[in-house]
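Below are the chains, spelled out letter by letter.
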Amino acid sequence: MNGMDLCGLVDAVQERISTQVGLSFEGPRGAIQRQVIQAQLRRIIDRHPGLPEESVALAPVTLRRICEELTVQESFFYREQAALDWFCHHVLPTLRGRRRPLAAWSAGCAEGQEVYTLAAVLEHAGLRRYRILGTDLSGPAVTAARCGVYGLWSLRGLDHSVVPRLFREGAGHFTVRERFRAQVTFAEHNLLDAPPRAAGGYDLVLCRNVLIYLTPAAQRRAVAGLTEALAPGGWLLTGAGDPLLDGAPGLATVLTGHGAVYRRADGPPVGAGPQEDARRAAPAGGGSGIMHDRSAPATAGPPHPSATVSQILTIAEEALESARPGQAERLAREALARHDESGRGHALLVQALVQSGRPAEAVRASARAVDRRPFDAALWTLHAVVLLDTGDAEAAAPAAERATSLDPGMAQAHLVLARSRAALGDRDGELHARAVGRELLEREAVSR
Ligand SMILES: C[S@@+](CC[C@H](N)C(=O)[O-])C[C@H]1O[C@@H](n2cnc3c(N)ncnc32)[C@H](O)[C@@H]1O
């Protein structure tokens, strides 16, 4: 086989894989992906002398083998736990007392770590009746998930107190306990195919650290399937490094303290707690869809005069996480009036204004924040986010650049820079910033 032939075959394989499973071959990983495909093709074709090279290269079994090599089936227990805790804290209470058990789907579950983590987190939150389906493109990953046996690497960073609750320990391996395994099932599934069904729909869908590997067109198709699988008012959680889904048809975005989460927009008003305020869901069919708290912040009185600034800010954070931006705004302003020096007050005020659906005021507040604290990379990142949300990518990109130069290790700043550059049509710049952000996130996860 000459070099040209192999190049052409690699192109053909990439195109098939991109069409069938949505993998993207753009960006800094592109060159490595090409090398992987070339090496695999050489090996597979050499093993079938006499057969037409093109039919060997494009045979389903070859494409499957290559896909296995290209997809990253990497995961670990309790990855991005904050989002699961948020769900338990804010959504679970609203589902209690229902007849049917909670139904959850982990889409792109790799070897099942996410599924068992969710089971353990739900149990810890007091839920006994739940069903979780874990699906992945990779057959071997699904088989490993069903086995439920893991090495130490999958448990890295895990709190020691969790281990005996979740696993039986053997010589160098850890087996998930039967009571968790009894409530979960696994299946192979391609996110570009029709989604699995649960009676009444899924209350929770996790699709974390998967969309980032897909082309924009495949992302849209996958998100449409995930949305379709949700119960009315069900929740979709993506990963910290995944693209923002704001504006995806049928989904409303809810900003929380740890990032955006999404809710199927045809549900009843969120009931995230006993004093939850009524709020507007996003219009079905799209639009910005950020949830706004329209109610007066009358549910809580002023902070106790002896409360410290830090205590006020903690209550403001809780209000924000419970989607009570009116209360959060008032408390953040109170903290700023008391000369909060930490930057938290500024950040909370901006987030509260965004959640209240007042983007212009949010931009003014974030501009004031970076003016007061010009060396605060987190505030510059936030400033870039609100500028982006108002469609001002021209101003957002330099703000995000400022954040990355102030703190080159801040993954979020690079990811926001990537979004700004994407909005400006700077594809190379976007891919570079996204790759740096992803790498930082992975490093953070490993060192945790
Ligand atoms: C990095 S892992 C994420 C695992 C887990 N969700 C987490 O956050 O730790 C990405 C997984 O997505 C799967 N995947 C990639 N493309 C897919 C597709 N089109 N359909 C279903 N799964 C896919 C891969 O096989 C891989 O196991």
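Model, not experiment: these values are computed from the prediction. (Residues numbered from 1 in each chain as written. Predicted model: local features only at pLDDT ≥ 70, side-chain atom pairs only at ≥ 80, totals over all residues. Heavy atoms only, no water.)

### A closer look at the packing of helix α15 (residues 359–372) against helix α16 (residues 377–389)
Step number 1: It is the contact of α15 with α16, at a shortest axis distance of 9 Å, that shows an interaxial angle of 155°. Judged on the interaxial angle alone, α16 and α15 are roughly antiparallel. Taken as a pair, α15 and α16 cross one another with a handedness that is left-handed. Along the contact surface, α15 presents Ala362, Val363, Ser366, Ala367, Ala369 and Val370, while α16 presents Leu379, Trp380, His383, Val386 and Leu387.
Step number 2: Taken together, the residues of the contact of α15 with α16 break down into nine nonpolar, two polar and no charged. (Axes fitted to C-alpha atoms, helices over the stretch in contact; angles between N-to-C directions. Helix = DSSP H or I, 4+ residues; strand = E, 2+ residues; numbered from the N terminus. Parallel < 35°, antiparallel > 145°, perpendicular 65-115°, else oblique. Left-handed = near helix turned anticlockwise from the far one by under 90°. Contact = heavy atoms within 4.5 Å. Nonpolar A, V, L, I, M, F, W, Y, C, P; charged D, E, K, R; others polar.)

### Here we look at the site of the ligand
Step number 1: Neighbouring the ligand are 19 residues, the closest being Ser75, Arg79, Gly108, Asp136 and Asn209.
Step number 2: Residue Ser75 places a side-chain N or O atom 2.6 Å away from an oxygen atom belonging to the ligand.
Step number 3: Contact between the ligand and Gly108: a nitrogen atom at 2.8 Å from a main-chain N or O atom of the residue.
Step number 4: Calculation on the ligand without its partners gives an accessible area of 600 Å², and the protein chains cover 99% of this total.
Step number 5: Residue classes in the shell around the ligand are distributed as seven nonpolar, seven polar and five charged. (Near = heavy atom within 4 Å. Polar contact = N/O pair within 3.5 Å; in protein donor to acceptor, adjacent residues only side chain to side chain. Areas by Shrake-Rupley, 256 points an atom, 1.4 Å probe, with all protein chains shown as cover.)

### Brief notes about the sheet that holds strand β10 (residues 259–264)
Step number 1: The strand order across the open sheet formed by seven strands is β6-β2-β1-β7-β8-β10-β9, and the pairing between neighbours is mixed. Of all strands in the sheet, those bounded by a partner on one side alone are β6 (184–188) and β9 (251–256). Shown here is a sheet whose adjacent strand axes are inclined to one another by a mean of 20°, direction ignored.
Step number 2: The sheet strands contacting helix α11 (residues 216–229) are β1 (102–107), β7 (202–207), β8 (230–238), β9 and β10, and the helix crosses β8 at an angle near 135°. (Pairing = 2+ DSSP bridges.)

### Comments concerning the side chain of Ser366
Step number 1: By the element assignment, Ser366 lies in helix α15.
Step number 2: For Ser366, a relative accessible area of 2% corresponds to the buried category.
Step number 3: In this view, Ser366 contacts Val350, His383 and Val386; residues no more than four positions away in its chain are not counted. (Buried < 20%, exposed > 50% of the residue type's maximum accessible area, 1.4 Å probe, protein only.)

### Observations concerning the confidence of the model for the protein
Step number 1: Chain-level pLDDT for the protein is 86 on average; 89% of the residues reach the 70-or-more range.
Step number 2: Low pLDDT, under 50, characterises residues 270–300; the predicted model gives this stretch 78 contacts beyond four residues in sequence or across chains. (pLDDT = per-residue confidence, 0-100.)

### Considering helix α17 (residues 393–406)
Step number 1: Its 14 residues place the ends of α17 20 Å apart at the C-alpha level, agreeing with the 20 Å of an ideal helix rising 1.5 Å per residue.
Step number 2: By the burial criterion, the buried members of α17 are Ala393, Ala396, Ala397, Ala399, Ala400, Ala403 and Thr404.
Step number 3: Lining the buried residues of α17 we find α16 and α18 (411–423). (Expected span 1.5 Å × (residues − 1).)

### Quick look at the environment of Ala119
Step number 1: Mapping Ala119 onto the fold places it in helix α7 (residues 113–124).
Step number 2: With 47 residues separating them in the primary sequence, Ala119 and Leu166 have C-alpha atoms 9.3 Å apart.

### Digging into unusual backbone geometry
Step number 1: Of note, the phi angle at Tyr78 is positive, near 60°, even though the residue is not glycine.
Step number 2: Structurally, Tyr78 can be placed in the loop between α4 (60–70) and α5 (81–90).
Step number 3: Not every positive phi belongs to a glycine, and Ala110 is a case in point at roughly 50°.

### Section: the environment of Tyr213
Step number 1: Among the structural elements, Tyr213 can be located in the loop between β7 and α11.
Step number 2: Taking the C-alpha atoms as reference points, Tyr213 and Leu23, separated by 190 residues in sequence, lie 5.9 Å from one another.

### Things to note about the nonpolar core
Step number 1: Of all hydrophobic cores here, the largest spans 45 residues; its most connected members are Val13, Ile17, Leu41, Trp105 and Leu236.
Step number 2: Tallying contributions element by element places helix α1 (residues 3–21) first for this core, with six residues.
Step number 3: Each of two domains, domain 1 (3–70) and domain 2 (81–292), supplies a minimum of three residues to this core.
Step number 4: Aside from chain neighbours lying at most four places away, what touches Leu236 is Val205, Cys207, Leu226, Leu230, Leu245, Leu251, Val261 and Tyr262.
Step number 5: The next biggest cluster of nonpolar side chains, apart from the first, holds 43 residues, and it includes Val115, Phe167, Phe186 and Val254. (Core = buried A, V, L, I, M, F, W, Y, C linked by side-chain atoms within 4.5 Å. Domains from an automatic or database assignment.)

### Examining the packing of aromatic side chains
Step number 1: Inspection of every chain in the model, using the stated rule, returns seven aromatic pairs.
Step number 2: Between Trp86 and Trp235 the ring centres are 5.2 Å apart and the planes differ by 70°, which places this aromatic pair in the edge-to-face class. A residue pair is termed long-range when its members are at least 10 positions apart, and Trp86 in helix α5 and Trp235 in strand β8 qualify at 149 residues.
Step number 3: A centroid spacing of 5.9 Å and a plane angle of 40° characterise the contact between Trp105 and Tyr202, whose relative ring orientation is tilted. Of the two residues, Trp105 sits in strand β1 while Tyr202 sits in strand β7, which places them 97 residues apart along the sequence.
Step number 4: Taken together, the ring pairs in this structure connect Phe77, Tyr116, Tyr150, Phe167, Phe174 and Phe186 into an aromatic cluster.
Step number 5: Seen from the ring of Trp153, Arg156 lies directly overhead, with NZ or CZ sitting 3.9 Å from the centre. (Phe/Tyr/Trp six-rings, centres within 6.5 Å; stacked < 30°, edge-to-face > 60°. Lys NZ or Arg CZ within 6 Å of the ring centre and 35° of its normal.)

### Some points on the sheet that holds strand β3 (residues 149–150)
Step number 1: Spatial strand order, β3-β5-β4: three strands in an open sheet with antiparallel pairing. Each edge of the open sheet carries a strand with a single partner, namely β3 and β4 (167–169).
Step number 2: The pairing of β3 with strand β5 (residues 174–176) spans two bridges and is antiparallel. For Val149, the partnering residue across the bridge sits in β5 and is Thr175.

### Describing the side chain of Gln40
Step number 1: Topologically, Gln40 is positioned in helix α2 (residues 30–46).
Step number 2: Among all residues touching Gln40, those that are not within four sequence positions of it are Arg65, Ile66 and Glu69.

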